Amino acid sequence: TLGTYEVIKFALKKNAKFIYSASSSTLGKNKYLSPYSWTKYSNHELIKNFSKWYGLKYVTVYYYNVYGRNQIMSGHMAAVVGIFEKQYLLNKPLTIVKPGNQKRDFTHVYDIVVGTYLAAIKSTNDEFHIGCGKNYSIKEVAKMFKHPCVYVGERPGERFYSLSKSNRAKKILGYKPKYDLKNYIKNFIKKNIKGK
């Protein structure tokens, strides 16, 4: 939050537009699930208020389970696709967090980049959802890897459903997602097949 405040001050000083990378994890009751989602939500509120109070120009883009090149594969900030990729490469079972029927909208990083760029150049003082528009359960994603799986205990702050509402982004920005998770995983397996 302190970092966001400093960027707000810098944007106001330079009369620049603030492009905020928000998270779909802040929507509805989800904002109270974890320190991460609460902080992302609070930052967005701070930005909107600075727009009202001091004329800050901004655009907020909500991201949905970003995957792709250079994604984080381990640690607290790793997402499921990166975790599964690392486990696959190490020939370890994929760990599905129980119950496994949690559904996510997975969005390729290239679609995120295009959507964010369009929002930055085409809009001011607005917010857009940048997603794929399809969701898969964690079990379904694991099956796409055609690799052994194990279930692990539930985690605090686990979301059970996400699906982007990208209609405004499509209509106003001309945003159109091009990448699909199934094809991405198929290509990943082809590149990394282990004599299967």
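Please refer to the structure higher up on the page.
Reference entry: report on the structure contained in this document. (Residues numbered from 1 in each chain as written. Predicted model: local features only at pLDDT ≥ 70, side-chain atom pairs only at ≥ 80, totals over all residues. Heavy atoms only, no water.)

### Observations regarding the overall build of the protein
The condition is simple: Put simply, DSSP marks the helices as runs of H or I at least four residues long and the strands as runs of E at least two long, and each gets a number from the N terminus on. Our radius of gyration looks at C-alpha atoms and nothing else; its globule reference is 2.2 Å times the residue count to the power 0.38. Burial classification: accessible surface area is computed with a 1.4 Å probe over protein chains only, and a residue below 20% of its type maximum counts as buried, one above 50% as exposed, and the rest as partly exposed. Between two residues, a contact is recorded if the distance between any of their heavy atoms is within 4.5 Å. Note that accessible areas follow from Shrake-Rupley with a 1.4 Å probe, and for residues the cover is restricted to the protein chains shown. By the counting rule applied here, Lys and Arg register as positive and Asp and Glu as negative, while His and the ends of each chain are not counted. The atom standing in for a charge is NZ when the residue is Lys, CZ when it is Arg, CG when it is Asp and CD when it is Glu.
The secondary structure content of the protein amounts to seven helices and nine strands. For 196 residues, the compact-globule formula gives about 16 Å, and the C-alpha radius of gyration of the protein, at 18 Å, lands near that figure. Here the C-alpha coordinates of the protein stretch approximately 60 × 35 × 25 Å along the principal axes. Every one of the 196 residues in the protein was classed for burial, and the buried ones make up 43%. Across the protein, the fraction of contacts at a sequence separation of at least 24, relative to all contacts at a separation of at least 6, is 82%. When the accessible surface of the protein is summed, it comes to about 11200 Å², and 56% of that surface belongs to carbon and sulfur atoms. Of the side chains in the protein, 35 bear a positive and 11 a negative charge, and the two mean positions are spaced by 4 Å.

### Examining the packing of aromatic side chains
Definition in use: Classification of ring pairs uses Phe, Tyr and Trp, with its six-membered ring standing for Trp, and accepts pairs whose centres are within 6.5 Å; under 30 degrees between planes counts as stacked, over 60 as edge-to-face, and the remaining range as tilted.
Evaluated as defined, the whole model comprises 11 aromatic pairs. Both rings, one in phenylalanine 18 and one in tyrosine 20, keep their centres 6.1 Å apart while their planes meet at 40 degrees; by these two values the pair is tilted. Pair check on accessibility: phenylalanine 18 and tyrosine 20 agree, each one buried. For the ring pair tyrosine 67 and tyrosine 184, a centre distance of 4.8 Å and an interplane angle of 65 degrees mean the geometry is edge-to-face. Here tyrosine 67 is found in strand β3 (residues 66-67), whereas its partner tyrosine 184 is found in helix α7 (residues 181-192), with 117 residues between them in sequence. Both residues of the pair, tyrosine 67 and tyrosine 184, belong to the buried class. Within the aromatic cluster, the residues linked to one another by ring pairs are Tyr5, Phe50, Trp53 and Tyr54.

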